[in-house]
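Structure at a glance
As a plain string of letters, each chain reads:
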Amino acid sequence: MDEIRLSGEKTLVVASGRAHPELAEEIAAELGTELLPMSAYDFANGELYVRSSESVRGKDVFLLQSHPWPLNNWLMEQLIMVDSMKRASAKRITVVSPFYPYARQDKKGRGREPISARLVADLYKTAGADRIMSVDLHTAQIQGFFDGPVDHLFAVPLLADYIREQVADDEITVVSPDTGRVRVAEQWAERLGGAPLAFVHKSRDLTMPNKAVSKQVVGEIEGRTCVLIDDMIDTGGTISGAVKVLKDAGAKDVIIAATHAVFSDPAAERLAACGAREVVVTNTLPIPAEKRFEQLTELSIAPILARAIHEVFADGSVTSLFDGNA
């Protein structure tokens, strides 16, 4: 039987929504490429229009979108981008969502609640996504919501290596804001030379969003520099309360480290006044000028995302980027 064969290399294309163009430009620069030209605008009634200015037929497309406020708007724009690429005959579509939308709604805490994180995964799949890439999911179980490969990346190496340089001569304790993130705290402790662990006991009102009260700390912290970790900071109430608990319990210093700087009001004011020596975050989400403050340090996640995109495109190993722990 005669066969027709085409000899050609794969083509990588990086496209971005409008939520965080600075991060997209950084990732493209790390990869040594340019962003796919896109036409995107809003109709008067709020509808979104997105179209690629160049052909993506047969190409490996990575669609980047951050999800700051207004999150629903940027999620819809990303879904429309996926649909447009599918209809334009892209060979493979990878959704790159550094901050996964609705990640906190990953289970039912009470009757009649939605599992919105699963719904988002279903929306990505229905729109035409073949793969998802995200950073520090709120819970690892979200990986199972998508019917396809999920690359769960970690900011721990980036954040911990920076903090290790800042506290080289200090006695350190890694503090989890609750018992649910102790496993992540163990990774931090290992990265910081076997530092001891502690956690803050808190209570939460399930009927009220962004309402949690830090009560007491369990672990060795007196006279030590505490590295208080979390995956995201939203309004800043919980993390600021945890700083006060640690200080009252005798901590010498507190450094806050979080991946996603959601920074809903009044987070910036709370963090600036909470007594933390430094607040270290990544740029998975854009931070407006009015929400920046003196103690804030922002690290770029672009190199990690770029390396992961390259490994996926080259059929390499994303796990190898994280010492086999991803």
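Described in the following lines is the structure provided in the data block. The shown structure was predicted, so the numbers you read here are calculated from the model rather than taken from an experiment. (Residues numbered from 1 in each chain as written. Predicted model: local features only at pLDDT ≥ 70, side-chain atom pairs only at ≥ 80, totals over all residues. Heavy atoms only, no water.)

With respect to the secondary-structure elements, lysine 291 resides in the loop between strand 13 (278-282) and strand 14 (296-299). Sequence spacing of lysine 291 and aspartate 265 is 26 residues, and the spatial spacing of their C-alpha atoms is 8.6 Å. When residues no more than four places from it in sequence are discounted, the contact partners of lysine 291 are Phe263, Ser264, Asp265, Ala268 and Leu296. (Helix = DSSP H or I, 4+ residues; strand = E, 2+ residues; numbered from the N terminus. Contact = heavy atoms within 4.5 Å.)

Along the chain, tryptophan 69 connects to proline 70 via a cis peptide bond; the corresponding omega equals -5°. Here proline 70 is to be found in the loop between strand 4 (60-64) and helix 2 (71-87). Cis geometry marks the peptide bond from aspartate 265 to proline 266; its omega dihedral reads 5°. You can see proline 266 is positioned in the loop between strand 12 (253-261) and helix 7 (267-273). The backbone of phenylalanine 263 sits at a positive phi, close to 55°, despite the residue not being glycine. Tracing the backbone shows phenylalanine 263 in the loop between strand 12 and helix 7. The phi dihedral of aspartate 315 falls on the positive side, at around 55°, and the residue is not glycine.

Take helix 6 (residues 237-248) next. The terminal C-alpha atoms of helix 6 lie 17 Å apart, and with 12 residues this matches the ideal 16 Å at 1.5 Å per residue to within 8%. Directly after helix 6, the chain includes glycine 250, whose backbone phi takes a positive value near 105°. (Expected span 1.5 Å × (residues − 1).)

Simply put, the disulfide is a covalent bond whose two ends are the sulfur atoms of two cysteines. For the coordinates displayed, the defined rule picks out 0 disulfides. Its sulfur unpaired, cysteine 226 is 13 Å from the next cysteine sulfur, which belongs to cysteine 274. Residue cysteine 226 is classed as buried on the basis of its relative accessible area, which comes to 0%. (Disulfide = S-S within 2.5 Å. Buried < 20%, exposed > 50% of the residue type's maximum accessible area, 1.4 Å probe, protein only.)

Moving on, we come to the nonpolar core. If you look at the biggest cluster of nonpolar residues, it comprises 41 residues, and the most contacted ones within it are Leu153, Ile163, Trp188 and Leu305. Top contributing element to this core by residue count: helix 8 (residues 302-313), with 8 residues. (Core = buried A, V, L, I, M, F, W, Y, C linked by side-chain atoms within 4.5 Å.)

Attention now goes to the packing of aromatic side chains. Applying the stated criterion across every chain, the model contains 5 aromatic pairs. A ring pair is formed by tyrosine 41 and phenylalanine 43, whose centres lie 5.6 Å apart and whose planes are at 70°; its orientation type is edge-to-face. Note on tyrosine 41: relative accessible area 37%, which makes it partly exposed. Residue class for phenylalanine 43 comes out partly exposed when judged on its relative accessible area of 38%. Ring centres of tyrosine 41 and tyrosine 49 lie 4.7 Å apart, and the angle between their planes is 25°; this geometry places the pair in the stacked category. (Phe/Tyr/Trp six-rings, centres within 6.5 Å; stacked < 30°, edge-to-face > 60°.)

We now examine the packing of helix 4 (residues 156-166) against helix 5 (residues 182-191). In contact at an axis separation of 10 Å, helix 4 and helix 5 are set at 45° when each is read in the N-to-C sense. With respect to helix 5, the element helix 4 is oriented oblique. Crossing angle aside, the handedness with which helix 4 passes helix 5 is right-handed. Contact residues: helix 4 offers Val156, Pro157, Leu159, Ala160, Asp161, Ile163 and Arg164, while helix 5 offers Val184, Gln187, Trp188 and Arg191. (Axes fitted to C-alpha atoms, helices over the stretch in contact; angles between N-to-C directions. Parallel < 35°, antiparallel > 145°, perpendicular 65-115°, else oblique. Left-handed = near helix turned anticlockwise from the far one by under 90°.)

Locating aspartate 60 in the fold gives a position in strand 4. For aspartate 60, the side chain forms a polar contact with the side chain of arginine 92, separated by 2.7 Å. Not counting chain neighbours up to four residues away, the residues in contact with aspartate 60 comprise Thr11, Leu12, Val13, Arg92 and Phe313. (Polar contact = N/O pair within 3.5 Å; in protein donor to acceptor, adjacent residues only side chain to side chain.)

Taken together, the side chains of Glu22, Glu25, Glu26, Glu30 and Glu34 make up a negatively charged region of the molecular surface. Relative to the helices and strands, glutamate 25 resides in helix 1 (residues 21-31). (Patch = residues over 30% accessible without salt bridge, like charges linked within 9 Å, V, L, I, M, F, W, Y side chains within 5 Å. Areas by Shrake-Rupley, 256 points an atom, 1.4 Å probe, with all protein chains shown as cover. Salt bridge = Lys/Arg side-chain N within 4 Å of Asp/Glu carboxyl O. Lys, Arg positive; Asp, Glu negative; His and termini not counted. Charge placed at Lys NZ, Arg CZ, Asp CG, Glu CD.)

On to the pairing of strand 4, then. In terms of burial, strand 4 is largely enclosed, as 5 of its 5 residues are buried. The alternating pattern of strand 4 places Asp60, Phe62 and Leu64 and Val61 and Leu63 on opposite faces, both of which are buried. Examined bridge by bridge, strand 1 (residues 12-16) and strand 4 share 5 bridges and lie parallel to one another. Residue leucine 12 lies in a different strand from strand 4, and its bridge partner there is aspartate 60. With 5 bridges joining them, strand 4 and strand 5 (residues 92-97) adopt parallel strand pairing. Across the sheet, residue aspartate 60 finds its bridge partner in strand 5, namely arginine 92. (Pairing = 2+ DSSP bridges.)

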